[in-house]
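Descriptive structure summary
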Amino acid sequence: MQEIFQDMLLQACGFQAQFYDAMESRAEGQSLVVKCSYGSLDYSATRKTWCKLRGEICTPLVSTSYASHGYHNKVTSGRATIEDHTGNGTVTITMEKLQVRDSGVYCCALYYSPRTVYQLMTIKLDVSKVQEYDAVEGQSVSVQCPYHTQDYKQVKKAWCRSTVQNECVVLVNTDHRYLRYQNWAQKDRARIYDDTQKRIVTITMSNLQVDDAGVYWCVHYDPPSFYLICEVKLAVTKATTTSVVPVTSSTGHTSLVLSTTSAGVTPADSSLSSERVFIILGVVLGVLFILALIGLVILRTRKSKQLKTRGKWRIDGAYMAQLSLHWVPYFSFALTWSEFSPTA
């Protein structure tokens, strides 16, 4: 049986690479777990390998092995681990901390020699870089996700939000209507546009809210299946507001300054707060006006009294001046008469 099997034109995975048994997509930092079956337990003692296709050669990344004390059915090399479950004829491969450079075509295979492998499963893996966006509440964000395969031009695209259970809730998606591909759609605050010529999907989310923060996926969408194009991490912070705040200085004078604070309130609360500020300012200004008016009255009263006192002295001085003018001629006449009168 083993010889017959080997005579079946044992081939490199590269010769059938265009036929994928599975297509997987991940974002950087995620893991890939693949299970492939070799069916017959007759091959439980045959080495297994996980190799990456480069040209027409499938280069082994990690393989089970034999040692002096027996078969090593679990082996780790770098970020890849292979485990052969000989009891049920299944091989499990795990790749951790995926990078963009890990994108490519892989084979899970029976391993006879470095140049002789027999494929059990061929997997196409795409690893995309995580895009990160920071936005402020009320703003819009536009995301571009390129895809590189012409075959996906007419495949529906979707924008979905990732959940804790690693599911994705579709927010908006393109669709096929009236026997043609509708490459754009809008739902609520999300809009998607698939430029099939440039092979770029553009998603726009408008009027962002703090609750919109999270992880999103742009995907090829074949309900209920998703094929990741790119992953986006979105952070949304509260907008800042400028308000008028009274500040009392060390001299006791009150001045108004502009203070930019985090808007922890809704627009309605902000409007109410502004109204309160203006009411307080109105009361303060009213009190200052009344105090200034009282001071003016007091000052006017004091001046009036001073003017009355000064006026009395002026009247007395004028009366004495008139008397002096009235009696001076008499005194002058008297002096003159005394000079010319004969002495006794």
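Higher on the page you've got the structure.
Remember, it's a predicted structure, so these values are computed and weren't measured experimentally.

Remarks on the overall build of the chain
On a plain count of helices and strands, the chain comes out with two helices and 24 strands. Here the chain holds 344 residues, and 28% of them are scored as buried. For the chain, the share of sequence-separated contacts (at least 6 apart) that also reach a separation of at least 24 residues comes to 56%. Accessible surface, the chain as shown: approximately 22600 Å² in total, 58% of it carbon and sulfur.

Some points on the packing of aromatic side chains
Scanning the model with the defined rule gives five aromatic pairs in all. Ring centres of tyrosine 66 and tyrosine 71 lie 4.9 Å apart, and the angle between their planes is 35°; on these two criteria the pair is classed as tilted. Looking at tyrosine 71, the relative accessible area reads 21%, which means it is partly exposed. On the basis of an interplanar angle of 0° and a centroid distance of 5.2 Å, the ring pair of tryptophan 159 and tyrosine 216 is categorised as stacked.

Some words on unusual backbone geometry
Residues proline 223 and proline 224 are joined by a peptide bond in cis, for which omega reads 5°. In this structure, tyrosine 178 takes a positive phi of about 50° despite not being glycine. Looking at where tyrosine 178 falls in the secondary structure, it is placed in the loop between strand E16 (175-177) and strand E17 (180-182).

Looking at the state of the cysteines
Counted according to the given criterion, the structure contains four disulfides. Here cysteine 51 connects covalently by a disulfide to cysteine 58, the sulfurs 2.2 Å from one another. What sets the handedness of the cysteine 51 and cysteine 58 disulfide is the S-S torsion sign, and at about 90° it is right-handed. The residues cysteine 51 and cysteine 58 share a single accessibility class, namely buried. Note on cysteine connectivity: cysteine 160 is disulfide-linked to cysteine 168, with sulfurs 1.9 Å apart. Between cysteine 160 and cysteine 168 the sulfur-sulfur dihedral comes to about 90°; the bridge is accordingly right-handed.

So, how was this worked out
- Residues numbered from 1 in each chain as written.
- Predicted model: local features only at pLDDT ≥ 70, side-chain atom pairs only at ≥ 80, totals over all residues.
- Heavy atoms only, no water.
- Helix = DSSP H or I, 4+ residues; strand = E, 2+ residues; numbered from the N terminus.
- Buried < 20%, exposed > 50% of the residue type's maximum accessible area, 1.4 Å probe, protein only.
- Contact = heavy atoms within 4.5 Å.
- Areas by Shrake-Rupley, 256 points an atom, 1.4 Å probe, with all protein chains shown as cover.
- Phe/Tyr/Trp six-rings, centres within 6.5 Å; stacked < 30°, edge-to-face > 60°.
- Disulfide = S-S within 2.5 Å.

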